[in-house]
Amino acid sequence: GKDKKKLGIALVGLGGYSSGQLAPGLQDAENCYLAGIVTGTPAKEKEWMEKYNIPKKNVYNYENFDSIAKNKDIDIVYVVLPNSMHAEFCIRAAKAGKHVICEKPMAVSVEECDSIIHACNEAGVKLAVGYRMQSDPYTKEIKRLVKEKPYGDVRYVSSDAGYISGGNPDQWRLNHALSGGGALMNMGVYSIQSNIYGTGQNPISVSAQEFSSRPEYFKDTDETITAQMEFPNGVVGNLYTSHNANANRLFVSFEKGWAELNPCHSYGPLSGRTSDGNEIKFPHQSMQKLQMDDFAKHIMLGTTNYAPGEMGKRDMIIVEAIYKSIKEGGTKIP
Ligand code: NDP
């Protein structure tokens, strides 16, 4: 639908993120709307149809999903499933001729990221990763400070992303087959993202360490990881990610000052400040709304794709290098 004003989105997987953030964000969106759902839980079909006024013909399950190809109401398929299911459903969506948003982390391996990118290119559809912060004004302000250099060049970045995981030890995030990894896959990708936009560069090498204090709970996945990254020109980046501590911060040290976001990686309102005593402050808006509107505009108007598939793949290359470094010691990023 090039001439349609709002593109139709179908959410795949109606769990916490779809119901708590994406569906509500879509209620305020200007360039897209919640047109359909794909769920494996029959009880959710009726609930969502009623709540969001979704017609039965736009409701799918994981088996009949491929017939979405024939549905003109659906322009974009948004995959919000456990990580190890992203590749399969993104590829099926692309083959159905739909544009694709894939939640973070993009997949559980670089190889899977490549297969998603390949499928979208083959089908001639657009692809974005669910990196909501790329559409957020706080992230854009840090990027501006890095680029315009009012405090000079960046020398050091430190970024933390974690929360204390509890409850059901069988949840998919703690199950390697479904998650592909623990804190690093879940929260660490945020810290990789903010290290990169906070330095304005990609890292060239990494040295990482893993810590564990509750092995009986984290049987299958990493609990806490720290990593030191080397960026070009001697810039240093520090990453902390955990399922065992609350941490939500970005600190950027420039030659002549600093900037900080804290909180940084959550849904907002975010909060920031700089070394000269100024607040970094923007009116609070749903990041998910901004993100999905940006992608719809990218499709309709050719504006910037702020979180293309290549960015998700880049981050997965770093994730794999971090896991490799933990196994082997300091490792060069390919
Ligand atoms: P939930 O566990 O809350 O929901 C996942 C949903 O996937 C389930 O409700 C279910 O939906 C479906 N599903 C299908 N097969 C399985 C399975 N074997 N095990 C569990 N669920 C299954 O997860 P979230 O919504 O929190 O996360 C989903 C994705 O979104 C993840 O990739 C996560 O990393 C990402 N995410 C991104 C965030 C962001 O800020 N960008 C924030 C939170 C999550 P149904 O019943 O409809 O079939």
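Residues numbered from 1 in each chain as written. Predicted model: local features only at pLDDT ≥ 70, side-chain atom pairs only at ≥ 80, totals over all residues. Heavy atoms only, no water.

A few words now on the overall build of the protein chain. Within the protein chain, the regular secondary structure consists of nine helices and 15 strands. Relative to the 2.2 N^0.38 estimate, which gives 20 Å for 334 residues, the radius of gyration of the protein chain is 20 Å and therefore close to what a compact globule would have. Taking the principal axes of the C-alpha coordinates as reference, the protein chain spans close to 55 × 45 × 35 Å. Classification of the 334 residues of the protein chain by burial places 54% in the buried group. At a minimum sequence separation of 6, the contacts of the protein chain that also span at least 24 residues come to 68%. Carbon together with sulfur atoms contributes 51% to the accessible area of the protein chain, which is approximately 14,300 Å² in total. (Helix = DSSP H or I, 4+ residues; strand = E, 2+ residues; numbered from the N terminus. Rg over C-alpha atoms; globule rule 2.2 N^0.38 Å. Buried < 20%, exposed > 50% of the residue type's maximum accessible area, 1.4 Å probe, protein only. Contact = heavy atoms within 4.5 Å. Areas by Shrake-Rupley, 256 points an atom, 1.4 Å probe, with all protein chains shown as cover.)

All right, on to the sheet that holds strand β4 (residues 76–79) then. Pairing is parallel in the open sheet, where six strands are placed in the order β3-β2-β1-β4-β5-β6. The open sheet has two edge strands, β3 (59–60) and β6 (127–129), and neither has a second partner. Sheet topology places strand β2 (residues 32–38) next to β3; two bridges connect them, and they run parallel. Its bridge partner lying in β3, V38 is registered against Y60. (Pairing = 2+ DSSP bridges.)

On the secondary structure map, D222 appears in the loop between β8 (205–211) and β9 (224–230). Here D222 sits buried without a salt bridge, and the closest side chain of opposite charge, K327, lies 11 Å off (N-O distance). For D222, the side chain forms a polar contact with the main-chain nitrogen of G182, separated by 2.8 Å. A distance of 2.9 Å separates a polar side-chain atom of D222 from the backbone nitrogen of L184. Once residues lying within four places of it in the same chain are set aside, the contact partners of D222 are G181, G182, A183, L184, E210, H243 and Y323. (Lys, Arg positive; Asp, Glu negative; His and termini not counted. Salt bridge = Lys/Arg side-chain N within 4 Å of Asp/Glu carboxyl O. Polar contact = N/O pair within 3.5 Å; in protein donor to acceptor, adjacent residues only side chain to side chain.)

Let us now look at the pairing of strand β1 (residues 7–12). The buried fraction of β1 amounts to six of the six residues, a majority that puts the element mostly inside the structure. Of the two faces of β1, both are covered, the one formed by L7, I9 and L11 as well as the one formed by G8, A10 and V12. Where β1 lies against β2, six bridges are found, and the strand directions are parallel. Bridge assignment links G8 to a residue of β2, and that residue is Y33. Of the strand pairs in this sheet, β1 and β4 are connected by four bridges, and their pairing is parallel. The partner of L11 across the bridge, within β4, is Y78.

The biggest cluster of nonpolar side chains holds 74 residues, and the ones touching the most others in it are I116, I142 and I322. It is helix α7 (residues 183–199) that contributes the most residues to this core, eight residues altogether. Split by domain, this core shows at least three residues from each of two domains, domain 1 (7–131) and domain 2 (133–284 + 308–332). Among the nonpolar cores identified, the runner-up in size contains 26 residues, and I9, I54, F295 and A296 belong to it. (Core = buried A, V, L, I, M, F, W, Y, C linked by side-chain atoms within 4.5 Å. Domains from an automatic or database assignment.)

The next point concerns the domain arrangement of the protein chain. Reports often express the size of an interface as the amount of accessible area lost when the parts come together. Domains assigned within the protein chain are domain 1 (7–131) and domain 2 (133–284 + 308–332). A C-alpha centroid distance of 26 Å is found between domain 1 and domain 2. Across the contact, 19 residues belong to domain 1 and 24 residues belong to domain 2. Here domain 1 and domain 2 share an interface that buries about 1,800 Å² over both sides, 65% of which is from carbon and sulfur atoms. Considering only the side of domain 1, the residues that lose the most area to domain 2 are K104, V110 and Y131, jointly responsible for 38% of the buried surface there. At the boundary of domain 1 with domain 2, the tally comes to one salt bridge. Between D114 and K313 there is a salt bridge, with the nearest N and O atoms lying 2.9 Å from each other. Looking at the side of domain 1 that touches domain 2, the elements with two or more residues in it are α1 (16–27), α4 (110–123) and β6. Broken down by class, the residue content of the side of domain 1 that touches domain 2 amounts to 13 nonpolar, four polar and two charged. (Buried area = accessible area lost by both parts, 1.4 Å probe. Nonpolar A, V, L, I, M, F, W, Y, C, P; charged D, E, K, R; others polar.)

Enumeration according to the criterion identifies 16 salt bridges in this entry. The closest approach of N and O atoms between K149 and D153, which form a salt bridge, is 2.7 Å. Judged by relative accessible area, K149 falls into the partly exposed class, the value being 42%. Sharing partners across several salt bridges, the network here consists of D160, R249, E260 and R273.

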